[in-house]
Amino acid sequence: MEPQWKALLFDEFRQPFFQQIVYHLKSEKATNATIYPPGSFIFNAFEKTPPDKLKVVILGQDPYHGAGQAHGLSFSVPDGVKPPPSLVNIFKELHKDIGMPIPVTGNLSTWAEQGVLLLNAVLTVRKDEPASHAKIGWMDFTNAVIQKISDEKKGIVFLLWGKFAQEKQVLIDETKHYVLKAAHPSPFSADKGFFGCKHFSKTNELLMKQGLEPINWQL
């Protein structure tokens, strides 16, 4: 993990819930279970977005569970992988909001490198078994991450899409941060408030209001 995060989260790595995560992953590996993303990408969101560059948090649920899709960034897929439906809807909203052409890639790494923490609440999953690692301790870890960001930083824009993400709102000090809420971009709910939310232009307005460089959402 990136050194700044490692220092910031030092105490969390010593908690029983983190030891439980390590034990569980090692146990599954011992049975030859396929786990996504690959080990080197589990903490990719932290590698790409160190704390001193952090401006925005986009919270996802758990990694994509299909082969080659997950690479440790919420909603993102590697170059050459077809964007899943939720990501397609994110691109549609970007097009409506700021006129961005629909990208040919679903790789959101350039967002992460500009300060957008693409954080899933659960950082691993078994192949073809969505939410299979939802109860092994990751929720405790990422809740602690959100709490730490809230405590240590100021002026972060949190994008909470859907009921699951919005449950994390209690961890955020809204006297010093910004929270934008909308329906989840899934095809099941995008037309219930995600389309038309204009979160991308609103995020940049909030950043510029603080004298910060806006995010270039173009991929």
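Because the structure is predicted, anything quoted here is derived from the model rather than measured. (Residues numbered from 1 in each chain as written. Predicted model: local features only at pLDDT ≥ 70, side-chain atom pairs only at ≥ 80, totals over all residues. Heavy atoms only, no water.)

Asker: Tell me about a negative patch on the surface, and please be specific about residues and values.
Answerer: Residues Asp-151, Glu-152, Asp-173 and Glu-174 make up a contiguous surface patch of negative charge. For Glu-174, the location among the structural elements is in the loop between α7 (162–166) and β6 (178–182). Given a relative accessible area of 43%, Glu-174 falls into the partly exposed group. (Patch = residues over 30% accessible without salt bridge, like charges linked within 9 Å, V, L, I, M, F, W, Y side chains within 5 Å. Areas by Shrake-Rupley, 256 points an atom, 1.4 Å probe, with all protein chains shown as cover. Salt bridge = Lys/Arg side-chain N within 4 Å of Asp/Glu carboxyl O. Lys, Arg positive; Asp, Glu negative; His and termini not counted. Charge placed at Lys NZ, Arg CZ, Asp CG, Glu CD. Helix = DSSP H or I, 4+ residues; strand = E, 2+ residues; numbered from the N terminus. Buried < 20%, exposed > 50% of the residue type's maximum accessible area, 1.4 Å probe, protein only.)

Asker: Run through the packing of helix α2 (residues 16–30) against helix α6 (residues 138–152), naming residues and quoting values.
Answerer: For the pair α2 and α6, the least separation of the axes is 8 Å and the interaxial angle reads 135 degrees. When the axis of α2 is compared with that of α6, the two are oblique. When you trace α2 past α6, the crossing you get is left-handed. In this structure, α2 contributes Phe-17, Phe-18, Ile-21 and Leu-25 to the contact, and α6 contributes Trp-138, Asp-140 and Phe-141. Across the contact of α2 with α6, the residue classes tally to six nonpolar, no polar and one charged. (Axes fitted to C-alpha atoms, helices over the stretch in contact; angles between N-to-C directions. Parallel < 35°, antiparallel > 145°, perpendicular 65-115°, else oblique. Left-handed = near helix turned anticlockwise from the far one by under 90°. Contact = heavy atoms within 4.5 Å. Nonpolar A, V, L, I, M, F, W, Y, C, P; charged D, E, K, R; others polar.)

Asker: Before we move on, can you summarise the sheet that holds strand β2 (residues 56–60) with the specific residues and values?
Answerer: In spatial order, the strands read β3-β2-β5-β6; together these four strands make up an open sheet with parallel pairing. The sheet is open, and its two edges are formed by β3 (116–120) and β6, each paired on a single side. This sheet shows a mean twist of 20 degrees between the axes of neighbouring strands, independent of strand direction. Bridge count between strand β5 (residues 157–161) and β6: five bridges; the pairing is parallel. (Pairing = 2+ DSSP bridges.)

Asker: Mind laying out helix α4 (residues 85–98), listing which residues take part and the relevant values?
Answerer: Helical geometry note: an α-helix holds 3.6 residues per turn, so side chains three or four residues apart project in the same direction. Its 14 residues place the ends of α4 20 Å apart at the C-alpha level, agreeing with the 20 Å of an ideal helix rising 1.5 Å per residue. Those residues of α4 that fall on the buried side of the exposure criterion are Ser-86, Leu-87, Asn-89, Ile-90, Phe-91, Glu-93, Leu-94 and Asp-97. Buried residues belonging to α4 abut α5 (109–113), β5 and α8 (199–209). (Expected span 1.5 Å × (residues − 1).)

Asker: Go over the environment of Pro-38 with me, naming the residues and quoting the values.
Answerer: Along the chain, the position of Pro-38 falls in the loop between β1 (35–36) and α3 (44–48). A residue is classified by how much of its surface remains accessible, and Pro-38, at 42% relative accessible area, is partly exposed. The sequence separation of Pro-38 and Gly-68 amounts to 30 residues, and the corresponding C-alpha distance is 9.3 Å.

Asker: Lay out the pattern of salt bridges with the relevant residues and their values.
Answerer: All chains considered together, the criterion is met by five salt bridges. Measuring nitrogen to oxygen at the nearest pair gives 3.6 Å for the salt bridge that ties Lys-48 to Glu-113. Linking Lys-48 in helix α3 with Glu-113 in helix α5, this pair joins segments that are 65 residues apart in sequence. What makes Lys-48 partly exposed here is its relative accessible area of 26%. Taking the shortest distance from any N to any O, the salt bridge between Glu-167 and Lys-163 comes out at 3.1 Å. Residue Glu-167 is classed as partly exposed on the basis of its relative accessible area of 47%. What you see here is one network of salt bridges that share partners, running through Glu-28, Arg-126 and Glu-129.

Asker: Quick one: what's the story with the environment of Tyr-23, residue by residue and with numbers?
Answerer: Within the fold, Tyr-23 resides in helix α2. Note on Tyr-23: relative accessible area 61%, which makes it exposed. Taking C-alpha positions, Tyr-23 is 34 Å from Gln-114, a pair spaced 91 residues apart along the chain.

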